[in-house]
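Below, each chain spelled out in residue letters.
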Amino acid sequence: MAEKQLMKGNEAFATAAINAGCRYYFGYPITPQNEIPEFMSRELAKYGGAFIQAESELAAVNMAYGAAAAGGRVLLSSSSPGVALMQESISLIASVELPVVIINVMRGGPGIGSIQPSQADYDQVTVGGGNGDYKTIVYAPSSIQEACDMIYKAFDVAEEYRNPVMICADGMIGQMMEPVALPEPVEPVMGEEIRKKKPWALTGHRNERERHALNSVWLQQDLLEEYIDAYWPKFEKAERELQEWEDFMTEDAEVLYVAYGSTARIAKEAVVALRNEGVKVGLIRPKTLWPFPEKAFENLDGVKDVISVELSKAGQLKRDVRLAVEGRARVSLINRYGGMLLDPAEVVERTKKIMEEVK
Amino acid sequence: MNTVFEYTKGMREKEMHYCPGCTHGIAHRLIMEVLEERGALGNTIGVSPVGCSIVAHQYMNVDMLESPHGRAPAVASGIKRVHPESYVFTYQGDGDLASIGTSEIIHAAERGEHFCTFFINNAIYGMTGGQMAPTTLVGQKATTCVEGRTVKQAGFPLRMSEIMSQIDGAVYVERVSLATPAEIRKAKKAISKAFDVQKNKQGFAFVELLSTCPTNWGMSPTDAIVWLKDNMVPYYPVKKFKDVEEV
């Protein structure tokens, strides 16, 4: 591991991507992720890569689609409404089975919303998005270091699963500064090597093989059903193998928080504060939003209350929590939204109210 | 016996799904002949649009990728970044390029992208069943203007080559017609020139091909050819709008 350096989240994300061998970036300005395209516009050419400031998110995601089909390691980034614009082609990329990594620095919604941190994209990234039967693999970092490690890994996961992988950060993680040890640079697969290492990619057939036709349209519905059946096992594999979470003081917990991203750090402080008062509180922090870490909820012995702590009015995370809890405990919600944040004292206070209601 | 003509290796031996009299087959073949003649079939990546020609990859013997509706120029821009030495082209219809995809085609040209676009203008939506296109002529009937397009209701048809010729990054812009054998030969020359411009990294090249859609025009193939000449050519003049210096 390299030495730690103090970096702004968005710039650290971009550096981690370059170190992971990413050489192609396409983006369109949107707050709060603008440092990523700015950084890539300065840096990628130095590595023999390419940056395009696209005319829209629609164009950016389709540039990424083309570059991924051609065998490049591709990064996209945007923020909530921009990601919504990209969803048609995220579905398309999944349907053609191509690897693309997307960073979503979430902001307040719906609509144009606010530019402050939010987690109201949970539905968009885990169950919503584009049309049709596919899933996006979603990681949720709660520190800049973790974001860098997840981005680094995401490129390999995207290529292994031949599927879009999203890093769901929020405006807080993107904009703040923290010490970070950047992952070691890997050599990218470029040019002629793509033909050897990625035989599925579009490289020109060189009169050596049949031409590749990467398609998303199926004019015969029975063939589309067969095609979906053929790729679906990878999503079942992802559910078995990719679930990640952190347990924090869950062992004897009677109250269990579930929180991800920067909100999990606030929930952690609330855990410590309540523990100091003798309340048995713990935290499950999902690191993957899809697949949701259901395995973390296998043993809920002694748990009376499970509380989703999130930045969403609707309790988008809470829905997955309820599905995982399966009625074994009461599920509640502590939330702020629209770009407003929770603080530990508010979480502590609202937790106590919820606990009183139990009695 | 001397061979005087051969089916191009650029076309796969597949039965086409295009309607009788449709000029997609001619346009496909011209592009593939040009690539074969320059020995480039193995080093070309094409992008097909949404529309009747979405499955052009079933007929064209080059690596190909389908694009979402209108986004082919963005897709091609991404491909070209990864394989700058390969020939890259988009093949797009009028609904795809001149309606939903105006942003992508304009900005690919503005960037002076080193790929070519072949724009099939048949003045109607084919695959979806004959709706009005941005290039549908005033008075021309379509399923969303059954009495004929009116300026009052739907405005004026877009002349894409004229628009493209205003963009500095588009260095070669020509409109050709597929109505007669002589014009088809000229179209092939324009396609070849577009690939030259790409090879020489001179900028973006755009060739518009006036085409027929007998099915959705409700005409026989021969009547469609006459209609194209009598109605489309006066509004969409066949000419070279912009050319580069020979290098």
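If you're wondering where the values come from, they're calculated on a predicted model, not measured in any experiment.

Remarks on the interface of chain A and chain B
Then, in step 1: On the side of chain B, 35 residues touch chain A, which itself brings 39 residues to the contact.
Then, in step 2: For the chain A and chain B pair, buried surface summed over both sides reaches about 2,700 Å², with 59% attributable to carbon and sulfur atoms.
Then, in step 3: In this assembly, chain A and chain B are joined by three salt bridges.
Then, in step 4: The tally of links from chain A across to chain B stands at 19 residue pairs in polar contact (both at pLDDT 80 or more).
Then, in step 5: For the side of chain A that touches chain B, the secondary-structure elements that each account for two or more residues are β2 (24-27), β3 (50-53), α3 (57-69), α4 (80-96) and β9 (213-214) of chain A.
Then, in step 6: Tallying contributions element by element places α3 of chain A first for the side of chain A that touches chain B, with eight residues.
Then, in step 7: Class assignment of the residues belonging to the side of chain A that touches chain B gives a composition of 19 nonpolar, 14 polar and six charged.

What about the packing of α3 of chain A against helix α2 (residues 72-82) of chain B?
Then, in step 1: Between α3 of chain A and α2 of chain B, the shortest axis-to-axis distance is 6 Å and the interhelical angle comes to 45 degrees. In terms of orientation, α3 of chain A and α2 of chain B fall into the oblique class. Taken as a pair, α3 of chain A and α2 of chain B cross one another with a handedness that is right-handed. Along its contact with α3 of chain A, which presents Ala 59, Asn 62, Met 63, Tyr 65, Gly 66 and Ala 67 of chain A, the element α2 of chain B presents Ala 74, Val 75, Ser 77, Gly 78, Ile 79 and Val 82 of chain B.
Then, in step 2: Looking at the contact of α3 of chain A with α2 of chain B residue by residue, the class counts come to eight nonpolar, four polar and no charged.

Details of the packing of helix α1 (residues 9-19) of chain A against helix α2 (residues 35-43) of chain A
Residues and elements named next belong to chain A.
Then, in step 1: With their axes 8 Å apart at the nearest point, α1 and α2 run at an angle of 45 degrees to one another. Comparing the axis directions of α1 and α2 gives the class oblique. As α1 runs across α2, the sense of the crossing is right-handed. Here Asn 10, Glu 11, Phe 13, Ala 14, Thr 15, Ala 17 and Ile 18 of α1 come into contact with α2, specifically with Glu 35, Ile 36, Phe 39, Met 40, Arg 42 and Glu 43.

Quick notes on the pattern of salt bridges
Then, in step 1: Applying the stated criterion across every chain, the model contains 43 salt bridges over all chains.
Then, in step 2: In this structure, Lys 237 of chain A and Glu 241 of chain A form a salt bridge, with 3.5 Å as the shortest nitrogen-oxygen distance. Taken together, the residues span about one helical turn, with Lys 237 of chain A and Glu 241 of chain A both in helix α10 (residues 233-241) at a distance of four residues.
Then, in step 3: The shortest N-O distance in the salt bridge between Glu 104 of chain B and Arg 71 of chain B comes to 3.2 Å. Pair noted here: Glu 104 of chain B is in helix α4 (residues 102-110) and Arg 71 of chain B is in the loop between β2 (63-66) and α2, with a separation of 33 residues, a long-range link.
Then, in step 4: Because the salt bridges share partners, they merge into one network encompassing Glu 146, Glu 246, Lys 268, Arg 285 and Lys 287 of chain A.

A few points about the layout of surface pockets
Residues and elements named next belong to chain A.
Then, in step 1: Of the voids in this model, the largest pocket is the one considered here, and its volume is about 440 Å³.
Then, in step 2: Lining the largest pocket are 21 residues, with Ser 91, Leu 92, Ser 95, Asn 131 and Ser 216 positioned closest to its centre.
Then, in step 3: Listing elements by their share of the lining of the largest pocket, those giving two or more residues are α4 and α9 (221-231).
Then, in step 4: By residue class, the composition of the lining of the largest pocket is 11 nonpolar, seven polar and three charged.
Then, in step 5: In this structure, the second largest pocket spans a volume of roughly 260 Å³.

With respect to the sheet that holds strand β4 (residues 116-121) of chain B
Then, in step 1: Strand order in this open sheet of eight strands is β9(A)-β2(B)-β1(B)-β3(B)-β4(B)-β6(B)-β5(B)-β7(B), and the pairing throughout is mixed. Both outer strands of the open sheet, β9 of chain A together with β7 (240-242) of chain B, are each paired with one neighbouring strand and no more.
Then, in step 2: Pairing geometry for β4 of chain B and strand β6 (residues 204-210) of chain B, over six bridges, is parallel. Looking at the pairing, Phe 119 of chain B lines up with Glu 208 of chain B of β6 of chain B.
Then, in step 3: Sheet strands in contact with α4 of chain B are β3 (87-93), β4, β5 (170-177) and β6 of chain B, and its direction is about 140 degrees off that of β6 of chain B.
Then, in step 4: Contacts between helix α7 (residues 181-199) of chain B and the sheet are confined to β3, β4, β5 and β6 of chain B, with β5 of chain B contributing the most and set at about 165 degrees to the helix.

What about the environment of Leu 85 of chain A?
Then, in step 1: Residue placement: Leu 85 of chain A occurs in helix α4.
Then, in step 2: Not counting residues up to four positions away in its chain, the partners in contact with Leu 85 of chain A are Glu 57 and Leu 58 of chain A.

Some words on a nonpolar patch on the surface
Then, in step 1: Taken together, Val 138, Val 151 and Phe 156 of chain B make up a surface patch of nonpolar side chains, about 280 Å² in accessible area.
Then, in step 2: Tracing the backbone through its elements, the reader meets Phe 156 of chain B in the loop between α5 (151-154) and α6 (160-164).

Topic: the domain arrangement of chain A
How big an interface is tends to be stated in terms of accessible area lost as the parts join.
Residue and element names in this part refer to chain A.
Then, in step 1: When cut into domains, chain A gives domain 1 (4-181) and domain 2 (246-358).
Then, in step 2: Each of domain 1 and domain 2 has a C-alpha centre, and the two are 27 Å apart.
Then, in step 3: Taken together, the contact between domain 1 and domain 2 spans 30 residues of the former and 23 residues of the latter.
Then, in step 4: Of the roughly 2,200 Å² buried where domain 1 meets domain 2, counting both sides, 52% is carbon and sulfur surface.
Then, in step 5: The largest per-residue losses of area from domain 1 upon contact with domain 2 belong to Gln 119, Tyr 122 and Ser 142, which jointly make up 33% of the total buried on that side.
Then, in step 6: The interface formed by domain 1 and domain 2 holds four salt bridges in total.

Parameters at a glance
Residues numbered from 1 in each chain as written. Chains lettered and ligands numbered in written order. Predicted model: local features only at pLDDT ≥ 70, side-chain atom pairs only at ≥ 80, totals over all residues. Heavy atoms only, no water. Contact = heavy atoms within 4.5 Å. Buried area = accessible area lost by both parts, 1.4 Å probe. Salt bridge = Lys/Arg side-chain N within 4 Å of Asp/Glu carboxyl O. Polar contact = N/O pair within 3.5 Å; in protein donor to acceptor, adjacent residues only side chain to side chain. Helix = DSSP H or I, 4+ residues; strand = E, 2+ residues; numbered from the N terminus. Nonpolar A, V, L, I, M, F, W, Y, C, P; charged D, E, K, R; others polar. Axes fitted to C-alpha atoms, helices over the stretch in contact; angles between N-to-C directions. Parallel < 35°, antiparallel > 145°, perpendicular 65-115°, else oblique. Left-handed = near helix turned anticlockwise from the far one by under 90°. 1 Å grid on protein atoms, 1.4 Å probe; cavity = no way out; pocket = protein on both sides within 12 Å on 5 of 7 lines; lining within 4 Å. Points joined across faces, edges and corners; volume = space filled by probe spheres on them. Pairing = 2+ DSSP bridges. Patch = residues over 30% accessible without salt bridge, like charges linked within 9 Å, V, L, I, M, F, W, Y side chains within 5 Å. Areas by Shrake-Rupley, 256 points an atom, 1.4 Å probe, with all protein chains shown as cover. Domains from an automatic or database assignment.

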